[in-house]
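Coordinates in review
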Amino acid sequence: MGSLPFSYCFSSFILFASINLLLAADNITQEVSIQDGETLISSAQRFELGFFSPGNSTKRYLGIWYKKSPETIVWVANRNNPILDSSGVLTISENGNLVLLSKAKNIVWSSNISVKVENTVARLLDTGNFVLMDASENYRWQSFDYPSDIQLPGMKLGWNLKTGLERYLTSWKTADDPSSGDFTFRFNINYLLPELVIYRGSTKIARSGPWNGVYFGGIPTNPNLIFEMILVHNEAEFSYWYQPFNDPLVMLVKLTQSGMKQWQIWNERSNKWDLVYSAPEDVCGNYGHCGANSVCSINKTPICECLNGFESNSKFNQTSSQGCVRRLPLDCEEGDGFIKVDNVKVPDLVDVSLNESMSLKECEAKCLSNCSCKAYTDFNATGDGSGCLMWFGDLIDIRKLVENKGTQDFYLRVPASELKTNSSNGTSMDTEDKKNKGNRKLLWMIVTPILSLAVVTLGFLIHHVRRKHRRKGEDLLLFDMHLGQKSGLELTEEKKLGKNCGNEVKLPLFSFASVCAATDNFLATNKLGEGGFGTVYKGTLLKGDQIAVKRLSRRSGQGWEELKNEAMLIAKLQHKNLVRLLGCCIEQDEKILIYEYMPNKSLDFFLFDSSKRKLLDWKTRIRIIEGIAQGLLYLHEFSTMRIIHRDLKVSNILLDRDMNPKISDFGIARIFRENELQANTRRIVGTYGYMSPEYALEGIFSTKSDVFSFGVLLLEIVSGKKSTGFYQNESPNLLGYAWNMWTSDKGSELLDPELEDQSSMILLLRYVNVGLLCVQESAKDRPSMTEVVSMLMNQAAILPSPKQPAFSYVRNSRSVNSYSSKSEKCTVNNVTLTILEAR
Ligand code: AMP
C-alpha cells in the first residue's frame, strides 16, 4: 500500500465510502430516486427494497424482501401491473407521491395520496414498512396499509374506522406471478365480534372462531408461545397485529397460493423458514366440513356427529357429513329447553344477534321467548362473561376442541322431549329415522331373545378361550393375523381387519407366529438392544420393510403395565421426533410392541463410543438437540394431552437413517390432566443421573423434571461425556464439571475435544448455558420447553445466567448421586425409588 500514490488511495477511499453510502441508503427523496438494479436497505439491514423477478418470470416488480432471505418477498407494489423490461424507476413526484415509472415514463404504480404534500421522504423501516413521510415525519402513506400475501410483526390487519380502509392479505396467483390470487385472509368484524377468516373469492374456506377477549376461538393465537396477538378497538380502528416475545425473532404469517395461512419462523442455523403452524390445520378446519347442525371432532370416528336432537340429513350417508336436520320439531308453545354444548368453536356468526349487556340468565329467557332463536351463549369481544349472542338459522362450522384455551360453550334449543333423553355433551350419534320408530319396536321384540342367546353363547366362548389361554384378564382381542403368510407381518391386512391392541387404542394386533417369522424366532443376531422391560429385536416384513420388536421379558413378571401405558400413549401421538408405534402382539404370555425401525439405534451407541463419536459432528449434534427439544415441547404443550416422559436419557433417543432423533420408551410416561401442573408419586422410577432433585427425593414430577433430564442430555451431547461416572478435579459429576468450567470461563473445554471443527463454538457455548439453566436446583428456575426451544432457535436472544445447578456440590449428602448403588430400590421420604442404570 505504501508504494501506491496517495491520490490513488484517496480516490479509492472516496469510491469505497460512496458505495457504502449507497448501500446503506434507506430512503429516497424528490432528488434521489432508485432505478432497477439499485436497492434501499433498512438501517439495521433487515429489509431491502428494489426490483425483482419472481421464480421463472422475467417481468419486473418493485418489492420488499428480507435481506437475509431475498426470495421471501414480503410486499409488492405493482403486483397487478408488472414492468416488462428493466427500465423501472421509483421516485417521488412533484405532488409528493411515490411513483413507479417505466421506460415510456408511464406511471405503473403510485401511492395515490390525494393532497399535495411538500418535501416528502420515503423510508424503508426495519419493520419492513415502507413509509412516505411529510416534513414533520407524519406518515402520509405506508406499505403496511396495503399488504400483499404476508403479515409481518407489527403490521395491522383489519379496519381503519375513519377512512373505511380494510387491510387484508391476498395470496399470490402462482410462485411466478404475484398478482392477486384467489384467496384472501381477512379480519371480520361482523356484530363487533372479530374473527379471522380465509376466503376463496367470497366463499369462506376457514374461520378462527370469534375473539373472546384473549383468543380467537379454535385457532391458537399463540401456537408455540413465541408471539402474542394484540387486538385494537378504538374510535379510529378495529384491527389486530402480532409481536414476537423476542424481538429479533424473524417471523411472518403468509397466505399461500393454495389458501393456507402459515406461521413461519426463520431458522438461523438452517437458513430456511420453519413452519410452526398452519390453518386450516386439518379437515375440521375446513369451513362447515360436516354441514349444518353437526360437530366436527378430529379425534373421533366418524369425525362428523349430529348435534343432540338432530339426525343425518342424508339417508345414504350416516356419517352426517351432509349436515343434520331436527329429529323432532321444536315446540315453542309446549316449552323447549336447552342443552349445553361445551368446549367448541361456536357456530359461525350467520344470522345472529348480539346484546352486549345481558347476563346469561337473561339471555336464556330472551332466546326462549323468541321461537326463531336456535341457540345462545354469553359472549362479547371482551370475554368478561357478559353479553348475549343468539343464533336464528342453521348452526354451521362447529368444531370440538380439545384444549380449553379459546373454546366456548353454547346452549342449543331442543324440544322438551329431547331434554329427557339427551346427555349434556350436545351431540348424538345418528339414530334411525323417526318414521321407522314403530317398526323398530317390533324388530326389538324379535331381536332381543336372539341377541340374549348370542350374548350367553359368546360369553361362554370367551370364558372358554380365556381359560384356555390363561391370560391375565385384560380386555384384549386375540386374533391370528398370520393369515397363512410364512415370512412375516402384513400390515395392510392387519389394518383392513381393524383389530386392535386394546379398548382405548386402535392399533393393529399381530399374531405371535407372524412376529416370530419376522424376527427369525427372535434370533440373537437380530437383537438391537435391551431396555428396562425387555429386549428389542429387528424384524423384516414380507415386503422387506424393517421393524423393531420389543418383547417384554416373560420372567420379570413386571412391565405389563408399562408396556400397556406405552401403547396407549404413543398410539395417540404423532410427531416427527417421537418414535412411531406400528402395532402390538398379545398372545398367551407374550407381550410385544412393534415400532418403526431406527437404523442408527440409540444415541448412546454413538455418543459414548470413542470411535463412533466422531460421526456426530456439531451440525448433527445440533440437529439432535433441536429435534429432542421439539419432541419434548410437543409432549408438554402441543399434543392432545400434556405428557411427562419421566425417563428422558441418551438410550431413549433413537436415530433414524439421517440421524434425526426420535424420543422413545414411554413406559413410565404420565398424562397430566388440564391445569395439572405437577404430581406426586410414591413410586419413583427413573434413571440415575437424569432425575431432578424434587423427583428423586420427593417424588414430585412435572414438565420441569423433564426439562431437568433434557438439560443433562444436552450437556452430555455437547461434551460427549456421561452424566455419571465422570469425575474430574473436585467435580462430583458432569453437572459439577460443567458448572466449574462455566464459572472459570472455560466453557469451551467442556465441548467434546474429539471434534476438530470448532466453528460452532459460540453456538455450543449457548447450548451449555441453556443446559445449565435446565438443571437448576429449583424447578421454578428452570425454563419451560417453550422457552428452551426459543433460546435454542434464536441466537440473538439474551440468555439468563445460570445459578449453581443441582447435584453439583461436592459434599451434598442429599444428592441422588451419593447413593452407593446404581441400580437399586430404597426408601426416601416414604417413597419407593427404582433407579434404572443408565447406559
Ligand atoms: P428400550 O426398551 O425402548 O429402552 O430399547 C432398548 C434399546 O433397543 C434402545 O436403547 C435401542 O438401542 C434399541 N431400540 C429400541 N427401539 C428401537 C427401534 N425402534 N429401532 C432400533 N433400535 C431400537
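Description of the structure in this document. As the structure is a computational prediction, the values presented were derived from the model and not from experiment.

Take helix 15 (residues 785–793) next. Of all nine residues making up helix 15, eight are buried, and the element is well covered by its neighbours. Regarding helix 15, the residues found buried are Met785, Thr786, Val788, Val789, Ser790, Met791, Leu792 and Met793. Turning to helix 15, the residues buried within the fold contact strand 23 (261–267), strand 24 (272–279), helix 9 (618–638), helix 11 (703–719) and helix 14 (761–774).

On to the nonpolar core, then. Core analysis: the largest hydrophobic core is formed by 141 residues, its most contacted members being Leu90, Leu98, Phe130 and Phe710. Top element by residues in this core is helix 9. It accounts for 10 residues. In this structure, Phe130 is in contact with Leu40, Leu49, Ile64, Trp75, Leu90, Leu98, Ala122, Arg123, Leu124, Trp141, Gln142 and Ser143, ignoring residues within four places of it in sequence. One finds Leu307, Val344, Val346 and Leu389 within the second-largest nonpolar core, a separate group that totals 21 residues.

Keep in mind that most residues, glycine aside, have a negative phi and that most peptide bonds are trans. With an omega of -5°, the peptide bond between Ala279 and Pro280 qualifies as cis. Of note, Pro280 is situated in the loop between strand 24 and strand 25 (294–296). You will see that Asp520, though not glycine, has its phi angle at about 55°, which is positive. Structurally, Asp520 is set in the loop between helix 6 (512–518) and strand 36 (527–530). The phi dihedral of Met659 is positive, around 65°, even though this residue is not glycine. By the element assignment, Met659 lies in the loop between strand 42 (653–655) and strand 43 (661–663).

Once that is clear, we can look at the pairing of strand 29 (residues 336–345). Summarising burial for strand 29: seven of the 10 residues are buried, a large majority. In this structure, strand 29 lies alongside strand 34 (residues 408–415), joined through seven bridges in antiparallel fashion. When the sheet's bridge partners are listed, Phe338 is paired in strand 34 with Arg413. Sheet analysis places strand 29 next to strand 33 (residues 398–400), joined by two bridges and oriented antiparallel. Opposite Lys345, over in strand 33, you have Arg399 as the bridge partner.

Two elements in contact, helix 9 and helix 15, have axes whose closest approach is 9 Å; the angle formed by their N-to-C orientations is 155°. Between helix 9 and helix 15, the angle falls in the class roughly antiparallel. The handedness of the crossing between helix 9 and helix 15 comes out as left-handed. Residue-level inspection shows Ile625, Ala629, Gln630, Leu632, Leu633, His636 and Glu637 of helix 9 in contact with helix 15, the latter providing Met785, Thr786, Val789, Leu792 and Met793. A class-by-class count of the residues in the contact of helix 9 with helix 15 yields eight nonpolar, three polar and one charged.

One open sheet accounts for five strands, arranged 36-37-38-40-39; its pairing is antiparallel. The outermost strands of the open sheet, each flanked by one partner alone, are strand 36 and strand 39 (581–587). In this sheet, neighbouring strand axes are inclined to one another by 20° on average, regardless of whether the strands run parallel or antiparallel. Pairing analysis gives five bridges linking strand 38 (residues 546–552) to strand 40 (residues 590–596), with the strands arranged antiparallel. Looking at the pairing, Ala548 lines up with Tyr595 of strand 40.

Now for helix 12 (residues 734–743). Buried residues dominate helix 12, accounting for seven of its 10 residues. Buried residues of helix 12: Leu734, Leu735, Gly736, Tyr737, Ala738, Trp739 and Met741, and no others. If you follow the buried residues of helix 12, they end up packed against helix 11, helix 13 (747–750) and helix 14. Put simply, Asn733 is the residue that caps the front of helix 12, since its side-chain oxygen is 3.2 Å from the backbone nitrogen of Leu735. Phi turns positive one or two residues past the end of helix 12, at Asp745, with a value near 55°.

A separate point is the state of the cysteines. Counting across every chain of the model gives six disulfides. Disulfide partner of Cys306: Cys324, at an S-S distance of 2.1 Å. Residues Cys306 and Cys324 are joined by a disulfide whose S-S torsion is about -85°; by sign, that bridge is left-handed. Pair noted here: Cys306 is in strand 26 (residues 304–307) and Cys324 is in strand 28 (residues 324–326), with a separation of 18 residues, a long-range link. Cys306 sits in the buried class, given a relative accessible area of 0%. For Cys324, a relative accessible area of 3% puts it in the buried group. For the unlinked cysteine Cys516, the closest cysteine sulfur is that of Cys585, found at 7.9 Å. For Cys516, a relative accessible area of 13% corresponds to the buried category.

In spatial order, the strands read 2-7-8-9; together these four strands make up an open sheet with antiparallel pairing. At either margin of the open sheet sits one strand with a lone partner, and together these are strand 2 (34–35) and strand 9 (107–110). For strand 2 and strand 7 (residues 89–92), the ladder comprises two bridges, and the chain directions are antiparallel. Directly across from Ile34, in strand 7, lies its bridge partner Leu90.

In this section: the pairing of strand 14 (residues 157–160). Pairing of strand 14 with strand 21 (residues 237–244), which is carried by four bridges, proceeds in the antiparallel orientation. Counted as the bridge partner of Trp159 is Phe238 from strand 21. Here two bridges tie strand 14 to strand 15 (residues 166–167), and the two strands are oriented antiparallel to one another. Opposite Gly158, over in strand 15, you have Arg167 as the bridge partner.

The next point concerns the pattern of salt bridges. Counted by the stated rule, this structure contains 29 salt bridges. Between Lys400 and Asp342 there is a salt bridge, and its shortest N-O distance comes to 3.6 Å. With Lys400 in strand 33 and Asp342 in strand 29, this pair connects stretches of sequence that are 58 residues apart. According to the relative accessible area criterion, Asp342 is partly exposed, its value standing at 27%.

About the thresholds
- Residues numbered from 1 in each chain as written.
- Predicted model: local features only at pLDDT ≥ 70, side-chain atom pairs only at ≥ 80, totals over all residues.
- Heavy atoms only, no water.
- Buried < 20%, exposed > 50% of the residue type's maximum accessible area, 1.4 Å probe, protein only.
- Helix = DSSP H or I, 4+ residues; strand = E, 2+ residues; numbered from the N terminus.
- Contact = heavy atoms within 4.5 Å.
- Core = buried A, V, L, I, M, F, W, Y, C linked by side-chain atoms within 4.5 Å.
- Pairing = 2+ DSSP bridges.
- Axes fitted to C-alpha atoms, helices over the stretch in contact; angles between N-to-C directions.
- Parallel < 35°, antiparallel > 145°, perpendicular 65-115°, else oblique.
- Left-handed = near helix turned anticlockwise from the far one by under 90°.
- Nonpolar A, V, L, I, M, F, W, Y, C, P; charged D, E, K, R; others polar.
- Polar contact = N/O pair within 3.5 Å; in protein donor to acceptor, adjacent residues only side chain to side chain.
- Disulfide = S-S within 2.5 Å.
- Salt bridge = Lys/Arg side-chain N within 4 Å of Asp/Glu carboxyl O.

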